[in-house]
Structure formats: C-alpha cells, structure tokens
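Given next are the chains, with one letter for each unit.
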Amino acid sequence: MNQTIYLDNAATTRTNPEVVKAMVPYFTEHYGNPSSVYEFSTPCRQVIAGAREVIAKSLGAKPNEIYFTAGGTESDNWAIKATAEAYMAKGKHIITSRIEHHAVLHTCQYLEKRGFEVTYVDVDENGVLKVDELKKAIRPDTVLISVMFANNEIGTIEPIKEIGQIAKDNDILFHTDAVQAFGHLPIDVDEYHIDMLSSSAHKLNGPKGIGFLYIRTGIKTRSFIHGGAQERKRRGGTENVPGIAGYKKAVELAMASMEEREKKERRLRDHLIARVMAEVPYTRLNGHRMRRLSNNANFAFQFIEGESLLIMLDGSGICASSGSACTSGSLDPSHVLLAIGLPHEIAHGSLRLTVSAENTMEEMDLVVDRIKEIVGKLRDMSPLYEDFMRKQGSF
Amino acid sequence: MYTEKVMDHFQNPRNVGEIENASGTGTVGNAKCGDIMRIYLDIDDNQVIRDVKFKTFGCGAAVATSSMATELVKGKTVQEAMEVTNKAVMEALDGLPPVKVHCSLLAEEAIHAALWDYAEKSGIVIEGLEKPKTDISEHDEDEEY
C-alpha cells in the first residue's frame, strides 16, 4: 500500500495532536455540564470562557461577540437567516457573490423562496469580486452583504476591507464566511469593518463539529437554536466542551505559527504550480496568481475529466479534490469555475490540491510526476484530445 | 464507491484506441455534461465484429462501461451486439452507483451509434436499431427545500 499524501487541506486538516491532548480531559475528567451550579463544572466554564477570549483576541473582537456553533455551515446559516429575519422591516434585499460556499448560496436561495431578493454579484476571471457591480447592486432595502474572505476552491482572497467599507458607508451589515481564511490570514474585524464572521475549527487543525459566529455588539439577531440559555440565549444546547477546548488550542497554535506556516506552504505550493504549469501542456491555473491562499493550487487540465484523475491519484495514495460534475453529484461542474468563465468541458477537468506545512518537497515532486503520467494516460483515452490533435495535425 | 470490476476496467481499460478506416464509428455524449464516448467497429463480411476500440472522456464509470461494452460486443455478430444493453453492461460490472447509471446508457448508445454508422455505410438494416441520439443527458436533480 502506498503512503498517503494528503493534499486536501481545504476539505479538512489533520487534528493537531496537541489539540487532541487539550480535548481529552474534557471527556474524561471534566465532563460536567457547564450550566450546572456545582464546582465540578467550573473547569468546563473556564475553558469555554478562555476559548472565547483567545478567539476574540485573534480577531480584535470582544469575548462576548463570539458564539460557538457546530461549524461553518451552521454559522453561515445563522448569520444570514437570522439577520434577514431581524432586519426584515428595513428591507428584504441581500447581496452576495456567485462563488460563495453552498452554505451561503443555498441559504440565500431558501430566503428567496420566502420573499427575499438576492443579488449574486459576479467575479472576474481570477475570482475577485467585481466591487463596482457590488456598489451598483446596493438598494435602499439592502440589509446584508455576505462575501467570503477567501474562496475554498480556487483560493482567491477577496477585497474584504473594501467591501466592508462599502457596507459601512451604506449602513448595511457585512458578513464574511472566513472558513478558509481564519487562522491562515490575519483578520481584524474593526479594520475590515466586519459585522459577522463564520469559522470552523477543523480547517485549522482543530476538531470537526465546532465553529463560531462572530456577531458585532449592537447587531440585532434572532436566536438560532431555541431551548437553552447557552451562548447568551442565542444558541441553545449544551456546549461541545471538548470541541471548544480543542478549538482554543487550535487557534493558539494557528496564531503563533501563521507566518511560518504560510511561508512553508507557499514554498511547496509554488513549486507544485511551477512544475505542473511547465510540464503538463494545455493546463490552466485557476484563481488569482498572487492574491490567493498560500496552500491552494487549482488546475484545469484540458480534455480530461476530474473524477477519473482523482481515482487514479487515489490509487497512488494521493488525496485531492475536483470541481467536476461527477464529484459534485450533479451534471454541472463547480459553480465557482463556471463563475470565473471556464467552459463546462474545461471545468470538468479541474484538480484542487491544498497543501499543509506538514507536506514535503519530495511529496510535491512525486505528485507532479504522477499527475503527468495520469493526465497523459487519460488524454490518450480522450476523444476530445484525439479531435484536438487531429486538428493540430491538419494545419 | 465502485465495484472491483469497475475499478479494474477503469484502471486497465480494454480496447482503448482508434481503428483506421473503421466499418462504423459512433460518438455520443456531451462535453458539457462531462461524458463523451467514441466507439470504432471493425466488422467483417459476415457481419461479425472483428475488432472494437473506444475513446472516452468522462469519469471512472464512463471509462469502465466503455471498456466492458467493447468486451461484450467483440466477436459477436451485429445482431448479437444489439443485445448488449446498458443492463448487460452494468451486470457484467457487478453494478454501478445510482448516479452513474447514465454512463451505462451512454455505452449502449455509443455501440448503437457505431452500428448505425456501419449500417448506413454498408446499406443494411439491423433489426431493432434506431437512429441514435447524439446527446444524452439526464436531468433529474432532486428538489431540495
């Protein structure tokens, strides 16, 4: 059996052993319910308060502005649905982008079926939001702008500060899905004029099933889960104490290592991109060349289909992902790749590789060698390639 | 997600390639949907499929069904080849995930398209063969909300 080469860190990351270590006592020793009055539960209350503080500090926020959730998807759902409901009297118009995660897009579609209007602002060929179009989309009844901090598929980092300023100038709330960015890029909610921010622990070597939503003081929002006084009555349910303890540790580690990790990731990723672009013909790099997450590489290989590529890479122990229709469970390839203008048949041949600082140069070289081999094999099998080569030959 | 047979036919596909001056060729599918299959048939004077080759752009199941379909029609008469249905292809592969059933339909259609081309070129009629559709797509996305 091959050794696993994990290059899907945008899907999830390895839980840091130190994080696991930080969680264990909250299963074994400190298993009390944080809401109970007795002394036995004090360590649970403490670790929750501590986590809130660590996270708030990392964002330039206040601890009571951090609300724990079950993850990024819940945070996005909460931010958008509860805000829409709370500000309905002011207006029923929301602005978002065409390349958001489905947690945002499907939530917006849900609201559209319930009388809200949503404008999906376009992005350019690199996946950068068209800020001028955003400005034009603003109406007197616009209550919320939701734009992701960085895209999960192509890694493009959005002009969040500019968008935040526009939202602020127009007195509109600004939510950002920072699931791919938090713990990877420095974020300051005041500097960027962010009113709400979603995050998920497992994208930064924390545990799965825990996230948070930052909600700026003063924002009206409805309770999302009813049934308890937890999270200032806004999100009922006994806290995921081990998860929160793990999140705390993950954020501490991520903040301390951010620069160093980014440098390592960038070195690996740049090598990967340089070799693939130089050695595999008819390939394009998706996403912005410079303004992108340091761990992200996204390619489109012409004439081949992504799922085939993934299965063959899997055969070599390489974990990656694709925006092809076959991997999305529908007939359409990734909405993100279509939004940046890729034709369907090229979007089907996409491959996303997201590195971590734990990967090595040797792994990068091995992966490129395998990609070259597999892409060649699939092209030899492809009628599209056959037609293309025939056309080339006839000139 | 895939059976061992599907994986085998995907990783070691049989009959990949082209046939120069083929007796019949057929291309079906749609790059937009992510699947294109092309079948080449070499048919002798007794209407026996002497050789068959394919090229496919598509997912693992698309490649595996093409490969299996070519195996099933090889050495058969054109009339016998008509019995190679998508069900036969699926059974021979020990099944496909429900979302991949359309790949087997595409394989059947590709064989039919190549047979149709052969029939037209040689001026014969193959019983039960209808003019192939050039584009196959299924749109049965479920309602979510």
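Just above, that's the structure.
Residues numbered from 1 in each chain as written. Chains lettered and ligands numbered in written order. Predicted model: local features only at pLDDT ≥ 70, side-chain atom pairs only at ≥ 80, totals over all residues.

Draft legend 1. Looking closely at helix H13 (residues 361-380) of chain A. Residues and elements named next belong to chain A. Between its first and last C-alpha, H13 extends 29 Å over 20 residues, near the 28 Å set by a 1.5 Å rise per residue. For H13, the complete set of buried residues consists of Met364, Val367, Val368, Ile371, Ile374, Val375, Leu378 and Arg379. Buried residues of H13 fall within an arc of 140 degrees about the axis and therefore sit on the same side. Relative to its buried face, H13 has exposed residues pointing more than 90 degrees away, namely Glu362 and Glu373. (Helix = DSSP H or I, 4+ residues; strand = E, 2+ residues; numbered from the N terminus. Expected span 1.5 Å × (residues − 1). Buried ≥ 20, exposed ≤ 12 C-beta atoms within 10 Å, placed from the backbone. Arc of directions from axis to C-beta.)

Draft legend 2. Up close: the sheet that holds strand E1 (residues 24-30) of chain B. Residues and elements named next belong to chain B. Across the sheet, 3 strands lie side by side as E1-E2-E3; this open sheet has antiparallel pairing. The two strands at the open ends of the sheet, each matched to only one other strand, are E1 and strand E3 (49-57). On average, adjacent strands in this sheet sit at an angle of 10 degrees to one another, irrespective of strand direction. By the bridge criterion, 7 bridges tie E1 to strand E2 (residues 35-43) in an arrangement that is antiparallel. Considered in E2, the bridge of Thr25 is made with Tyr40. Each of E2 and E3 is contacted by helix H2 (residues 60-73), which is oriented at about 175 degrees to E3, the strand it contacts most. Here helix H5 (residues 101-122) sits on the sheet and contacts E1 and E2; the angle it forms with E1, its principal contact strand, is near 145 degrees. (Pairing = 2+ DSSP bridges. Axes fitted to C-alpha atoms, helices over the stretch in contact; angles between N-to-C directions. Contact = placed C-beta atoms within 7 Å.)

Draft legend 3. Inspection of the interface of chain A and chain B at higher detail. Opposite the 24 residues of chain A that make contact, chain B presents 23 residues. Secondary structure elements with two or more residues in the side of chain A that touches chain B: helix H9 (306-315), helix H10 (325-328), helix H12 (344-347) and helix H14 (383-394) of chain A. A per-element tally of the side of chain A that touches chain B places H9(A) first, with 4 residues. Of the residues assigned to the side of chain A that touches chain B, the class counts are 11 nonpolar, 8 polar and 5 charged. (Nonpolar A, V, L, I, M, F, W, Y, C, P; charged D, E, K, R; others polar.)

Draft legend 4. A look at the environment of A:Lys62. Residue and element names in this part refer to chain A. Assignment of secondary structure puts Lys62 in the loop between helix H3 (42-59) and strand E2 (66-69). For Lys62, a count of 15 C-beta atoms within 10 Å corresponds to the partly exposed category. When the C-alpha positions of Lys62 and Ile215 are compared, they lie 9.7 Å apart, and in sequence the two are 153 residues distant. If near-sequence neighbours (up to four positions away) are discounted, Lys62 is found in contact with Ala56 and Thr217.

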